[in-house]
Structure formats: structure tokens, C-alpha cells
Amino acid sequence: MKSLPKLLDRIVILLILFAFAGFAAICLLRDNSSFTDKQALPLQENWTNITSGDTISLPASLSLTKNVPLTLQFTLPENSPYPYTELYFSPYYYDLEVHLDDQPLLKEKFEPAYFSHTNGARQVFITLPNGWQGKELSMVITPQVQISSFKLAAPMLCFEAQIMEETYQLSMPSLVATNIIILFGVCLLVLYFVVRKNDHLDLGLLSLALFSLLCGIYLSTQLSWNKLIITNSTLLYIVEFTSHLLLPLPLLLLLENALTGLGRKIISCCLGLTLLHTIIQVLLFLVTDLELREMLLAAHLQLLLLSAIAAPMIVFGKFKQPGQRMQICISLVPIVLFSGIDVLVHYFVEISLPSLFLQIGFSVFIVLQAFFLIRVYLKSWEVEQRSKAYETLAYTDLLTGLKNRNAYESDAEHLDVMLKRNLRYNISCIAVDADNLKRTNDQEGHAAGDLLLQTIAEVLKKAFPKNLGIYRIGGDEFTILVTYRSKTELRLVLEEVVKNLAAHRFENHATFSFSYGISDSTEFRTLAALTAQADAEMYDMKKHHRQEAGLID
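What counts as what
Residues numbered from 1 in each chain as written. Predicted model: local features only at pLDDT ≥ 70, side-chain atom pairs only at ≥ 80, totals over all residues. Heavy atoms only, no water. Axes fitted to C-alpha atoms, helices over the stretch in contact; angles between N-to-C directions. Helix = DSSP H or I, 4+ residues; strand = E, 2+ residues; numbered from the N terminus. Parallel < 35°, antiparallel > 145°, perpendicular 65-115°, else oblique. Contact = heavy atoms within 4.5 Å. Nonpolar A, V, L, I, M, F, W, Y, C, P; charged D, E, K, R; others polar. Pairing = 2+ DSSP bridges.

**Student:** Please explain the packing of helix α7 (residues 261-287) against helix α8 (residues 296-316) as it appears in this structure.
**Tutor:** Relative placement of two packed helices is described by the angle separating their axes and the distance separating the axes. One way to put it is that α7 packs onto α8 with a least axis distance of 10 Å and a crossing angle of 175°. The pairing of α7 with α8 is recorded here as roughly antiparallel in orientation. Contact with α7, carried on its side by G263, I266, I267, C270, T274, H277 and Q281, involves A298, A299, Q302, L306, I309, A310 and M313 of α8 and no other residues of that element. Split into classes, the residues belonging to the contact of α7 with α8 amount to 9 nonpolar, 5 polar and no charged.

**Student:** How do you make sense of the packing of helix α5 (residues 233-246) against α7 when you look at a structure like this?
**Tutor:** The N-to-C vectors of α5 and α7 enclose an angle of 155°; their axes lie 9 Å apart at closest approach. Judged by the angle between their axes, α5 and α7 are roughly antiparallel. Between α5 and α7, the contacting residues are Y237, I238, L245 and L246 on the first element and T274, H277, T278, Q281 and F285 on the second. Across the contact of α5 with α7, the residue classes break down as 5 nonpolar, 4 polar and no charged.

**Student:** Help me understand the pairing of strand β8 (residues 103-108), please; the structure alone is not making it clear to me.
**Tutor:** Sheet topology places strand β7 (residues 94-100) next to β8; 5 bridges connect them, and they run antiparallel. From the neighbouring strand, L100 faces β8, where its bridge partner is Q103. In this structure, the hairpin formed by β7 and β8 is closed by a connection of 2 residues, where D101 is found at a positive phi of approximately 55°.

**Student:** Is there a simple way to explain the sheet that holds strand β12 (residues 156-158) in this structure?
**Tutor:** In a beta sheet, neighbouring strands pair by backbone hydrogen bonds and run either parallel or antiparallel. One open sheet accounts for 4 strands, arranged β1-β12-β6-β9; its pairing is antiparallel. Each edge of the open sheet carries a strand with a single partner, namely β1 (41-42) and β9 (124-127).

Put into C-alpha cells, the structure is as follows:
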């Protein structure tokens, strides 16, 4: 076992490289990539803003006002390489109206549901009428939330089946990664309830399980494929922002579990404030016209504040275990770095990359934390196994493999409690003694005496397979504890034991004698009294055997 942590140390670099390689592939083939189907025609150039008269190109980031409509017009091509049948739109928190000349194709006005006034980001296909070529396409967008910069994507002339297929193919790497993260979280949660023993390790396991589940749920709401197959985009919107608000909680719980002293208290306060912030945002969402999307800036500022508070705690705080500071730093760096990139892209870059870098940061964090957790559990298991080995040595008679006097005294405390609490609980105590062990040692040597003791132990184990304990108290004295057996039945078993032992032949064919005594808890309610009574009866039998042998008068 000592080599396992070292082996994990050697392969951690390979694990990290594997993780980065996998997520690089996701970056290249993720769902927010542009469509490559040559049969889809993006309508990008020469859109006219009816309000201002300006000509714009899509995709573009526009400054729009909540509930104030914007009308854009576009002249469809008179000649197209394919007989397109659908128009594809990706509305982003706005109501959408589409007209072809004077013919309305779509009027999508969101009806409030689930306490929300927006249906979030979604995918929409509109069937084109015959003879659409060369006509004037107009779309009216009415923002449902106040966003400083609306990212407006270009509609596409397309075939719905092909767009669905390509969206699925582009989403597949992210879909697989997200499902793996969710499954990993479920497995960790089950593992937590199955193996929880150590508070420190178990809280780390629970934190990683909760983070994996929340991370997987949040990332699944970003997938274009989900937005195509889940028609209730409002529910998807609520799940997206609720999981986003809750994501810092397991990270703070992980950090709180690792710290001690003042650092732990400060992180506990941050944990409470984060939970309070989440509750306030949800209440504002439920009882006012504010949408979760409109409060995103507050969520980002809260994350910035948490990072500013947690950083000195990680650098200067006291940790429970050596090496935890480095583990926390290594694990949190990807999340802080990549989430920071995503926030900068969101506010300052004219492209739409929903959670691209955050997905990488989350996944690398989970891989690293899983590695560290496995390593800590292996060390804990090694210590536990070593402790059990020492305990076995302390409570086992090495010659016979039976329990020793230490084990007897330890078990006695538990059994005395059982006897006092339950008057119907019955224990029989048997005291056993090999009468001629000293003579065997003197005549044949200690090897023969050891063989005699081992033989007695094996015969006793076979005679009493169901027992509370068979103990070698010392020398040639044994004690057996059994439950719910009458003295008559026990005497019959012991007589059979004597016959079996007498059948064994030693080098000098020494006559074998065997003494025993039996006591019952119907008469005595403490193990000490039971043992004393059994010993007294055993010594009477031993005295009788010696008189028969002429050793005493």
C-alpha cells in the first residue's frame, strides 16, 4: 500500500494532460461552434435597422432597452443553391415576430410562466411558404430583460432535419462530458452515504459530489441540443440560473472543511452570505419583475468578492492537514482562471461563447479534486488497515489463533452491559484446562506442548462454531462463551471434545486428561461471577482427575 500514493503522484501529470486533451477536443467540437453544413445559408450581411436606418451585419452585439422593440429587415436572395424549407432563429431573451412581406410567419409573445417573464435562450424553426425567394424578411425583437449588450445571431435558411443532425453532432462532445460529470456526482453521493466514517474525508467527498451535480446540471443548460429538444425553455432558464447561484456553495464548503481557526470562521460567514444572496435573488425573482438574467451582474460581483476574501485565507490560513493548501490552490486555479476569462468575454468581447472556458475549469477542478480525494482515502485506508493489524496482534493469541486475555477483558465490558439491560439474554461460560500440559512439556519438550495447545484450540473451534468467543486466558486455561445453550447440552458437547482430544496420539502416548466447568447467566448476571463459578467447577474436576491419578490424596 505504501507504493500506491507514490504511483498516483507519478501518474497525476498524465491525468491532467488527458483532461486538457479531452477538453481541447470539446473546445474544437462543442455545441456553440458555427454550423458547417454547406446547405445552410446564414443571413449575415445588409440588415436594415428600420428605427435608425443603419445597415448592420449579424451576428452583432446591440444595445437594446427592455420591452422596446427593434425591427430589422433583410431581402431574401432571389436565387439560392437549394430549395430551403425552413428559417432558423436562436432568440436570446426576447419576443420574436417574423414577417415575409406582409405575411406573418411567427408571432411569439411569451406568456409568463413559473414566476418568470422570459423564456430564456431557445431555438426556433419557421416553415417557409412557397415562392419566398426575393421577398422582404422582417423580424421584430422585443427584449424581455435589460441587458447592456444583446448578442443577436444571424438567422439561417436551412433544412430542419440537417440542422438538428449537425447540432447533435456538435453537441456530442459536450453532452458526453456533461453526462460523465453528472454520473460522477451521483456515484460520489452514493459513495458518501455508503462509506462515511471520517468527518473530514466525508465532507470533502460530499462537497465534490454536490459540486459535480450542480456543475453538470448547469453545463447541461448551455447545450444547444437541449434547447432544441426541451420545449419548455423557461424551466431550462430557471434551472440554469439557480444552479449558477448555488455553484459557489460546495466550493466554500470544501474550503471551510479544510481550514481551521479564523480562516474557517471567515469562510463560514462567506458560506452563509452566499446562501443569503441566493435566497434574496430567488425572492426578488418570485415577487418582483426582476429576472435572474438581469441580476447576473450581482452574481458576478459576489463571485469577485468571494475570490478576494478566499485568496488570503488560502494563502495565510491554517489548514487541518499538511499539503491541503497546495491541493486547494492547484484545484481552484483552473476555476478562477477560466471563469475570469468567461466573464471578460461576456462583458467585453463581441462573440458568444456560453461557459466555454468555465466548462474546462469545472472539469479540470473535478479531475484534480478526485485525484486528491482518492489519494487521501488511500492513505486513510492504509492507516486503518495498519491499526486493525495492530489491534489483531493485541487481541489474538499467536500460538493458537484464539482470542487472548486482552480480548476477553475488552468483550467483558460489552457483555456485562448486555446482561444488565436484557434479563432474557443468556450466556454460558465454560472454563477449560489441559491437565497434563506441564508433564508434556517436561517429557516431550515445549514443541509437543505447543502442539497440544493448538490441537485443543482446533477441537474447541469445531465443537463451538457459533460462539461469542473462545479465549486462551493463559498457559493451558481456556474460556468459552456461548449463548442460549443448556448445561446438559454443553456437557454432551464437552464429553465429545474429551473423546476427540483423547484420540490424538503424541510421541510418548501420554494419558490425556481434560477438566472443565460450566456456569450460566440465569444464576449470575456479571461475566466475572460467571467465570469464577466456571473456574471453581473446573478446579473441582481437575482435583478429581489428580486424585484418580494418585497425584494427591
